[in-house]
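The chain contents come next:
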Amino acid sequence: MRVTWEAQGGQAAAIRLSLPPKVLDTDDLSESTAGELDRLVAAAAPEAGGERPSRARDAMSHTITVEDGGGSTTLTQSEAAMSPAFAALLGWLEKHVAQQ
């Protein structure tokens, strides 16, 4: 499984435009760590089908694309209206992408 994560908008939107997306491949992870990522993606996917309405004009949004088995799923949510499962996945990605 390959996971690509991009942040858009927010106060530093102009800076982020020049940054490449962060990519994590489960082939580079231990089996237990890859399993944890798989569980987080499975929990977040049903809740992240569509963007929730947001009242925060300058809120950052996150797009996580999961490629697995020839298919891909894109999850997008705003920091102003993020589900707990999506927030858990995002927090996990922030921690593990920084370690690479």
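Please read all numbers here as calculations on a predicted model, not as lab measurements.

A.B. asks: Account for the sheet that holds strand β1 (residues 2–9), with residues named and values stated.
C.D. replies: The strand order across the open sheet formed by four strands is β2-β1-β3-β4, and the pairing between neighbours is antiparallel. What marks the edges here is a single partner per strand, and that holds for β2 (22–25) and β4 (71–78). Strand after strand, the sheet turns through a mean of 15 degrees between neighbouring axes, direction not considered. For β1 and strand β3 (residues 60–68), the ladder comprises eight bridges, and the chain directions are antiparallel. In the strand pairing of β3, A7 is matched with H62.

A.B. asks: Report on the environment of T76, specifying residues and quantitative values.
C.D. replies: The residue T76 is located in strand β4 in this model. Along the sequence, T76 and A45 sit 31 residues apart, while their C-alpha atoms lie 9.6 Å from each other. Only 3.3 Å separates the side chain of T76 from the side chain of T63, close enough to count as a polar contact.

A.B. asks: Tell me about the nonpolar core, residues and numbers included.
C.D. replies: Membership of the largest hydrophobic core comes to 21 residues, with the highest contact counts inside it found for V3, L37, I64, L89, W92 and L93. Within the residue set of this core, elements represented by two or more residues are β1, α2 (31–44), β3 and α3 (84–98). The element contributing the most residues to this core is α3, with seven residues. With residues up to four places along the chain from it excluded, the contact list for I64 reads V3, T4, W5, T73, T74, L75, F86, L89 and L93.

A.B. asks: Describe the pairing of β1, naming the residues involved and giving the relevant values.
C.D. replies: Moving residue by residue along a regular strand, the side chains alternate between the two faces of the sheet. Sheet topology note: the β1/β2 ladder contains four bridges and is antiparallel. Among the inter-strand pairings, R2 is bridged to a residue of β2, identified as D25.

A.B. asks: Could you give an account of the environment of K22, with specific residues and numbers?
C.D. replies: Looking at the secondary structure, you find K22 in strand β2. A relative accessible area of 39% means that K22 is categorised as partly exposed. Beyond its immediate sequence surroundings of up to four residues, K22 is in contact with V3, T4, W5 and V97.

Parameters and conventions
Residues numbered from 1 in each chain as written. Predicted model: local features only at pLDDT ≥ 70, side-chain atom pairs only at ≥ 80, totals over all residues. Heavy atoms only, no water. Pairing = 2+ DSSP bridges. Helix = DSSP H or I, 4+ residues; strand = E, 2+ residues; numbered from the N terminus. Axes fitted to C-alpha atoms, helices over the stretch in contact; angles between N-to-C directions. Polar contact = N/O pair within 3.5 Å; in protein donor to acceptor, adjacent residues only side chain to side chain. Core = buried A, V, L, I, M, F, W, Y, C linked by side-chain atoms within 4.5 Å. Buried < 20%, exposed > 50% of the residue type's maximum accessible area, 1.4 Å probe, protein only. Contact = heavy atoms within 4.5 Å.

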